[in-house]
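Residue strings, one per chain:
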Amino acid sequence: MGFRKLNGKNIVITGASSGIGRAMATQLVRSGNHVLALARREERLKELQDELQLAAGSLAYLAGDITLEAYRQSAFDWISENWGGTLDVLVNNAGIGSIGPFAKSDEVTLRKVMEVNFFAAVELTRLSLSALKQSDVPVVCNIASVLGHTAMPMKSEYCASKFAMHGFSDALRIEMAAEGINVVLVSPSTTRSEFFAAVLSGASQQAKGMTADKVATLAIKAIKKGKREVLLSWGGRCLVAFDRLLPSTLSRILTRWYARQSASKVGS
Ligand SMILES: NC(=O)c1ccc[n+]([C@@H]2O[C@H](COP(=O)([O-])OP(=O)(O)OC[C@H]3O[C@@H](n4cnc5c(N)ncnc54)[C@H](OP(=O)(O)O)[C@@H]3O)[C@@H](O)[C@H]2O)c1
């Protein structure tokens, strides 16, 4: 796939009220695209729309919970009414985390993580296929995580949701190749956003790492270049390479690390 121009395109972004989604919406509207921003916090979406009033493109929004079928359908109806049923890019970005040992978590938390990070994205994709097929340059961009390639303790539910997204994206890419729909899997490492403040359970940690703006720029670059998948940081790339080359060694290192962590918690 050659270089794709992102200008004047119709783009849906989920989770556009903060972090990576908000940064992608901002950059894409500033470069002349038309974005439909989805998230629950309406005031945030309105604020973003006001901020981008003078930008080259445009931003519309629909506030709602992406896990609800009726809300996803309303986004699809909006595309039919306002964009003549043509969607160029779908960015599945909305996501939530959960931190803590599996044994201390519960079914409600697991199901919530899977509903937002996986089922909602997959069902929105299913609903969007007919509109994507109307585009000359259709793309589904799934924001996953390094934790969708290499698993870490204390994040079993989150890893499960992102591994699921990884597997889904790889299968869909092959199925959609004949339709000309590109499937791009973007896997950021730790990113500075509201993500850690919003984790469903467990101790939240101080977010460090890449800025959401930088992640957005790299994700947009991957869409333009028609990449299969991108791991955004060197740390992430090294971790995943290590896991693929020496999986048992990494597992032993993580097991020792987790045992030390658990012991220091019991001791403190
Ligand atoms: N931050 C990191 O370290 C990191 C690393 C790797 C991958 N990621 C992935 O990057 C993506 C974006 O995360 P972020 O870091 O930008 O976090 P963020 O600032 O917390 O943004 C998450 C977005 O998802 C939306 N969202 C959550 N639940 C939703 C629901 N039920 N319905 C609709 N929207 C919902 C939130 O909007 P509302 O609350 O307004 O609904 C928000 O806009 C996620 O998929 C995350 O897993 C993040």
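Structural data are supplied above this passage.
Overview of the structure. These numbers were taken from a predicted model, which means no experiment stands behind them.

## Some remarks on the side chain of Ser169
(1) Moving on: Positionally, Ser169 belongs in helix 5 (residues 156-176).
(2) Moving on: Of note is the side chain of Ser169, whose polar atom sits 2.9 Å from the side chain of Asn142.
(3) Moving on: Not counting the four nearest positions on each side in its chain, Ser169 is found in contact with Asn142, Val183 and Leu185.

## Remarks on helix 4 (residues 107-132)
(1) Moving on: Helix geometry: helix 4 is bent most strongly at Glu115, by close to 45 degrees.
(2) Moving on: Where helix 4 begins, one side-chain oxygen reaches toward the backbone nitrogen of Val108, 3.3 Å away; that side chain belongs to Asp106.

## Quick look at the layout of surface pockets
Any empty space left between atoms is shown by rolling a water-sized probe over those atoms.
(1) Moving on: Roughly 1100 Å³ of volume is contained in the largest pocket.
(2) Moving on: Looking at the lining of the largest pocket, the elements with two or more residues in it are helix 1 (19-30), strand 2 (34-39), helix 4, helix 5 and helix 7 (234-245).
(3) Moving on: If you count residues domain by domain, the lining of the largest pocket takes at least three from each of domain 1 (10-232) and domain 2 (235-268).

## A look at the pattern of salt bridges
Two side chains with opposite charge may pair up if their charged atoms get near one another.
(1) Moving on: As enumerated under the stated definition, the model contains nine salt bridges in all.
(2) Moving on: Residue Arg126 pairs with Glu123 through a salt bridge whose shortest N-O separation is 2.7 Å. Separated by three residues within a single helix, Arg126 and Glu123 lie in helix 4, roughly one turn from each other.
(3) Moving on: Residue classification places Arg126 among the exposed positions, given a relative accessible area of 55%.
(4) Moving on: Exposure remark for Glu123: the relative accessible area of 27% places this residue in the partly exposed category.
(5) Moving on: Its salt-bridge partner being Glu179, residue Lys133 comes within 3.7 Å of it at the nearest N-O pair. Here Lys133, found in the loop between helix 4 and strand 5 (139-143), pairs with Glu179, found in the loop between helix 5 and strand 6 (182-187); they are 46 residues apart in sequence, far enough to count as distant.
(6) Moving on: The exposure class of Glu179 is partly exposed, given its relative accessible area of 41%.

## Describing the pairing of strand 6
(1) Moving on: Strand 6 sits mainly inside the fold: six of its six residues count as buried.
(2) Moving on: Residues Asn182, Val184 and Val186 of strand 6 are buried on one face, and the alternating residues Val183, Leu185 and Ser187, pointing to the opposite face, are buried as well.
(3) Moving on: Across five bridges, strand 5 lies against strand 6 in parallel orientation. Its bridge partner being in strand 6, Val140 is matched across the sheet by Val183.
(4) Moving on: The parallel pair strand 5 and strand 6, bridged by helix 5, forms a crossover whose chirality is right-handed.
(5) Moving on: Bridge count between strand 6 and strand 9 (residues 229-231): three bridges; the pairing is parallel.

Parameters and conventions
Residues numbered from 1 in each chain as written. Predicted model: local features only at pLDDT ≥ 70, side-chain atom pairs only at ≥ 80, totals over all residues. Heavy atoms only, no water. Helix = DSSP H or I, 4+ residues; strand = E, 2+ residues; numbered from the N terminus. Polar contact = N/O pair within 3.5 Å; in protein donor to acceptor, adjacent residues only side chain to side chain. Contact = heavy atoms within 4.5 Å. Bend = angle between axes of the 7 residues up to and from the residue. 1 Å grid on protein atoms, 1.4 Å probe; cavity = no way out; pocket = protein on both sides within 12 Å on 5 of 7 lines; lining within 4 Å. Points joined across faces, edges and corners; volume = space filled by probe spheres on them. Domains from an automatic or database assignment. Salt bridge = Lys/Arg side-chain N within 4 Å of Asp/Glu carboxyl O. Buried < 20%, exposed > 50% of the residue type's maximum accessible area, 1.4 Å probe, protein only. Pairing = 2+ DSSP bridges. Right-handed = clockwise from strand over helix to strand, strands pointing away.

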